[in-house]
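Remarks on the overall topology
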Amino acid sequence: MTNKEVAPDLLGLEPAALASALDGVVDRSFRVKQIFAALHHRDALVFEEMTDLSKGLRAQLQQRFRIAAPEVLEANTSADGTTKYLLSLVDGAQIEAVDIPDGDRRTFCISSQAGCALACKFCVTGYWGAGRDLSAGEIVGQVTTLRRRVGELPKGLNLVFMGMGEPLLNAGNVYTALKLLAETISWRRMTLSTVGILPEMEKMLGWPKRPNLAISLHAPDDERRSKIMPVNKKYSLADLLELLHRYPLEGHRRITFEYLLIRDFNDSPADADLLARLMRGLRAKVNLIPINQDGVLGARMEPPSRQAVEGFKDRLRHHGLVATVRRQRGDEVSGACGQLRAAHREARGFRTPTAL
């Protein structure tokens, strides 16, 4: 194998695909199960850690395959315990992941793409443009890396696909990763956040199991949503909501709507009324997020006053909606998606955009 060739990754393979990849390397089916368990139940990062295999087999695996865990380039921890990771992939592409402790619970926020083509006006990642899709192994590898860094986890690990990229623009690899992660994390504890890529959401309707669904909404009408989220010109609010009314919700689950609050743009009492009208007939909850000024490169967007935020929340509740305000976490460690990679790129001489 030359230096330019990359060994096949085993971390992103479901059991049948893993067995196929290992054909000719292992001669007994239970060895495949041992390798799968080492990868997905014991978070092995190197083949040498698979001590239930012979040294000879471990050496063969090392020569022919790899485990797609990213390298940690930087890890910054804030006063509230939130840790932001800058990770490097095998080809040098950089992504971010976040570990957010909260009492006896913990949330990992992971990426699905190394960049994003959607160019939402409030998103640092969008300023840098499209990167590439992550493989299923690179997605799972983020969780493996964070679990290894954290050590023993309390019950209640939550996983959110809210990092860099739009998960449903990489739906095939994300779905494979979800199934692999479900080996140790309940589907009910995993959340996929999307702007609303309707063809892929239609496919999700047929999945045997689904994660929780979060919709990046951020405006109560098409005109304003299209202004800050160009994807809305392709997939309108009406079409998105029509699909959501058909979306299966097991048990007591609700669809979460993420709504950035931007001063003098979408934060008025009338906007709260419009938003409540959109939610009619849906089992929904609204997560209000005062915009993080430091998370928007060059954009003239400011958060509303605390009084305005609370008033918006109360008005939604008056309409019978479940509404919460997201606490700011990790501000001093570049907590907004894409900030840490942007800072790292600037340090290496890349110019950060300064205007919309």
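Residues numbered from 1 in each chain as written. Predicted model: local features only at pLDDT ≥ 70, side-chain atom pairs only at ≥ 80, totals over all residues. Heavy atoms only, no water.

Here we look at the overall build of the chain
- When you go through the chain residue by residue, the secondary structure sums to 12 helices and 12 strands.
- Put simply, the chain has 356 residues, and 53% of those count as buried.
- Residue pairs at least 24 apart in sequence account for 68% of intrachain contacts in the chain once pairs closer than 6 positions are excluded.
- By element, 48% of the accessible surface of the chain is carried by carbon and sulfur atoms, the whole surface being about 16,500 Å². (Helix = DSSP H or I, 4+ residues; strand = E, 2+ residues; numbered from the N terminus. Buried < 20%, exposed > 50% of the residue type's maximum accessible area, 1.4 Å probe, protein only. Contact = heavy atoms within 4.5 Å. Areas by Shrake-Rupley, 256 points an atom, 1.4 Å probe, with all protein chains shown as cover.)

Observations regarding the sheet that holds strand E12 (residues 322-325)
- One open sheet holds the 10 strands; their spatial order is E1-E2-E3-E4-E7-E8-E9-E10-E11-E12, and the pairing between them is mixed. Each edge of the open sheet is held by one strand with a lone partner, namely strand E1 (71-77) and E12. Shown here is a sheet whose adjacent strand axes are inclined to one another by a mean of 20 degrees, direction ignored.
- Note that strand E3 (residues 94-102) and strand E4 (residues 105-109) share five bridges and pair antiparallel. What sits directly across from Val98, in E4, is Cys109. (Pairing = 2+ DSSP bridges. Axes fitted to C-alpha atoms, helices over the stretch in contact; angles between N-to-C directions.)

Topic: the pairing of E4
- Extensive coverage of E4 is indicated by the burial of four of its five residues.
- In this structure, E4 lies alongside strand E7 (residues 157-161), joined through four bridges in parallel fashion. When the sheet's bridge partners are listed, Arg106 is paired in E7 with Leu157.

Brief notes about the layout of surface pockets
- What the second largest pocket holds in volume is close to 160 Å³.
- If you trace the second largest pocket, you find it lined by Arg254, Asp273, Ala276, Arg277, Met279, Arg280, Leu282, Ala284, His319, Gly320, Leu321 and Val322.
- The greatest single-element share of the lining of the second largest pocket, amounting to three residues, is contributed by helix H10 (residues 269-278).
- Here the residues of the lining of the second largest pocket sort into six nonpolar, two polar and four charged. (1 Å grid on protein atoms, 1.4 Å probe; cavity = no way out; pocket = protein on both sides within 12 Å on 5 of 7 lines; lining within 4 Å. Points joined across faces, edges and corners; volume = space filled by probe spheres on them. Nonpolar A, V, L, I, M, F, W, Y, C, P; charged D, E, K, R; others polar.)

Observations regarding the packing of aromatic side chains
- Scanning all chains against the criterion turns up two aromatic pairs.
- Ring geometry for Tyr175 and Trp207: centres 3.9 Å apart, planes at 15 degrees, overall stacked. Remark: Trp207 occurs in the loop between helix H7 (198-204) and strand E9 (212-216) and Tyr175 occurs in helix H6 (residues 171-181); sequence separation between them is 32 residues. Take Tyr175 and Trp207: they sit in the same class, and that class is buried.
- Measuring from centroid to centroid gives 5.4 Å for Tyr259 and Phe312, while their planes differ by 25 degrees, and the two rings are stacked. Of this pair, Tyr259 sits in strand E10 (residues 255-261) while Phe312 sits in helix H11 (residues 306-318), and the two are 53 residues apart along the sequence.
- Looking at Tyr259, the relative accessible area reads 0%, which means it is buried. (Phe/Tyr/Trp six-rings, centres within 6.5 Å; stacked < 30°, edge-to-face > 60°.)

A word on the state of the cysteines
- Counting across every chain of the model gives zero disulfides.
- The closest cysteine sulfur to the non-disulfide-bonded Cys116 is located on Cys123, 6.1 Å from its own sulfur.
- Free of any disulfide, Cys120 has its nearest neighbouring cysteine sulfur in Cys123, separated by 6.4 Å. (Disulfide = S-S within 2.5 Å.)

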